Amino acid sequence: MIQTTIKSIITFEEFLEWYPDGKGRFELRNGVIVEMNPNGEHEEVTGFLIRKINVEIDRLNLPYVTPSTYFVRPPETTTGYQPDLIVLDKTALISEPLWKKSSVISQGSSVKLVVEVVSTNWQDDYLVKVAEYEILGIPEYWVVDYAALGGRRFIGNPKQPTVSVYQLVDGEYQVSQFREGHTIISSAFPELNLTVEQVFSSIT
């Protein structure tokens, strides 16, 4: 995913007012607007995961939703993320003060799962967002690195395509990693039968 930075420091509220509906995808990072420009392979992997997760939600008749437009706002920041996939608990959204007005999530208890598909800005997914999502209390976070772009300290040496699943235990993330030959293990969806090969073979 290529990122373009629009260099102007603004508040989160100003960002919400500025955001152009239906015209691109943007995040706010420490008051700076960043335009997200995902490539085709990134979108194929993201689309595949959204489809598989929604099938599981429907199969189990869970009170979850995977919205297409939303922002995750870490507490007391001028930051608003748009993860590639988010699963929300509809029963918890009543406690989100900005959900109905602006599709903003500010409480980890509203979230069942967040997924980021790695692109050239891999440091954000492995360093920045891990810390932010942990502080927010998001119970499960996947980093899907289909092109093995992440640093060796995150995906090993030699580098290989990896799905890293961070699960919140006593307020801290513990990570499990899944590679070729593995079935992804998820606390949010314990019956999900999804292999690493299925995810990565979704690319044309």
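Conventions adopted
Residues numbered from 1 in each chain as written. Predicted model: local features only at pLDDT ≥ 70, side-chain atom pairs only at ≥ 80, totals over all residues. Heavy atoms only, no water. Helix = DSSP H or I, 4+ residues; strand = E, 2+ residues; numbered from the N terminus. Rg over C-alpha atoms; globule rule 2.2 N^0.38 Å. Buried < 20%, exposed > 50% of the residue type's maximum accessible area, 1.4 Å probe, protein only. Contact = heavy atoms within 4.5 Å. Lys, Arg positive; Asp, Glu negative; His and termini not counted. Charge placed at Lys NZ, Arg CZ, Asp CG, Glu CD. Expected span 1.5 Å × (residues − 1). Arc of directions from axis to C-beta. Polar contact = N/O pair within 3.5 Å; in protein donor to acceptor, adjacent residues only side chain to side chain. Pairing = 2+ DSSP bridges. Axes fitted to C-alpha atoms, helices over the stretch in contact; angles between N-to-C directions. 1 Å grid on protein atoms, 1.4 Å probe; cavity = no way out; pocket = protein on both sides within 12 Å on 5 of 7 lines; lining within 4 Å. Points joined across faces, edges and corners; volume = space filled by probe spheres on them. Nonpolar A, V, L, I, M, F, W, Y, C, P; charged D, E, K, R; others polar.

Chemist: Would you mind showing me how to read the overall build of the chain here?
Modeler: What the chain contains, in helices and strands, is six helices and eleven strands. Taken against the 2.2 N^0.38 rule, which gives 17 Å for 204 residues, the C-alpha radius of gyration of the chain at 16 Å falls within 12% of a compact globule. For the chain, the C-alpha atoms occupy an extent of roughly 45 × 35 × 35 Å along the three principal directions. Taking all 204 residues of the chain together, 50% fall into the buried category. The long-range fraction of contacts in the chain, counting pairs at least 24 apart against all pairs at least 6 apart in sequence, stands at 60%. Mean positive and mean negative side-chain charge positions of the chain (17 and 27 charges, respectively) differ by 2 Å.

Chemist: So what exactly am I meant to see when it comes to helix H2 (residues 40-60) here?
Modeler: Three or four residues apart is the spacing at which side chains of an α-helix point the same way, because the helix has 3.6 residues per turn. An ideal rise of 1.5 Å per residue puts 30 Å on 21 residues; H2 measures up with 31 Å between its terminal C-alpha atoms. Residues His42, Val45, Thr46, Phe48, Leu49, Ile53, Glu56 and Ile57 constitute the buried set of H2. Buried residues of H2, viewed axially, fall in a sector of 165°; they line one side. Tucked into the core, H2 has its buried residues touching strand E4 (64-65), strand E6 (85-89), strand E8 (111-117), strand E9 (140-145) and helix H6 (196-200). Of the residues that open H2, the one with a side-chain oxygen 3.3 Å from the backbone nitrogen of Glu41 is Asn39. Just past H2, the residue Asn61 takes up positive phi, approximately 55°.

Chemist: Sorry if this is basic, but what is going on with the pairing of strand E10 (residues 162-169) here?
Modeler: The side chains of a regular strand alternate, first on one face of the sheet and then on the other. Sheet topology note: the E9/E10 ladder contains six bridges and is antiparallel. Bridge assignment links Tyr141 to a residue of E10, and that residue is Tyr166. Relative to strand E11 (residues 172-178), E10 is paired through seven bridges, and the arrangement is antiparallel. By the bridge assignment, Ser164 is partnered in E11 with Gln177. Hairpin connection between E10 and E11: a loop of two residues separates the two successive antiparallel strands, and Asp170 in this loop has a positive phi of roughly 55°.

Chemist: Mind showing me how you'd approach unusual backbone geometry here?
Modeler: For residues besides glycine, phi is generally negative; the peptide bonds are generally trans as well. A cis amide bond links Asn157 with the next residue in sequence, Pro158, at an omega value of 5°. One non-glycine residue, Glu76, lies in positive phi territory at about 55°. Its location among the elements puts Glu76 in the loop between strand E5 (71-72) and E6. Not every positive phi belongs to a glycine, and Ala148 is a case in point at roughly 55°. Here Ala148 shows up in the loop between E9 and helix H5 (152-155).

Chemist: What's the story with the sheet that holds E8 in this structure? I'm lost.
Modeler: Strand pairing in a sheet is mediated by backbone hydrogen bonds. Such pairs are either parallel or antiparallel. With mixed pairing, the six strands of this open sheet are ordered in space as E4-E6-E8-E9-E10-E11. At either margin of the open sheet sits one strand with a lone partner, and together these are E4 and E11. Against the sheet, H2 makes contact with E4, E6, E8 and E9, and its axis sits at roughly 160° relative to E8, the strand it touches most. Running at roughly 170° to E9, helix H4 (residues 122-136) makes contact with E8, E9, E10 and E11 of the sheet.

Chemist: Looking at this structure, I do not really get the layout of surface pockets. What am I missing?
Modeler: Take a probe with the size of a water molecule and roll it over the atoms, and the empty space left behind shows itself. Counted as a void, the largest pocket has a volume near 450 Å³. Along the walls of the largest pocket sit 24 residues, with Tyr19, Ser68, Thr69, Tyr70 and Gln82 positioned nearest its centre. Counting residues per element, the ones that place at least two in the lining of the largest pocket are H2 and helix H3 (99-102). The element contributing the most residues to the lining of the largest pocket is H2, with three residues. Split into classes, the residues belonging to the lining of the largest pocket amount to ten nonpolar, nine polar and five charged.

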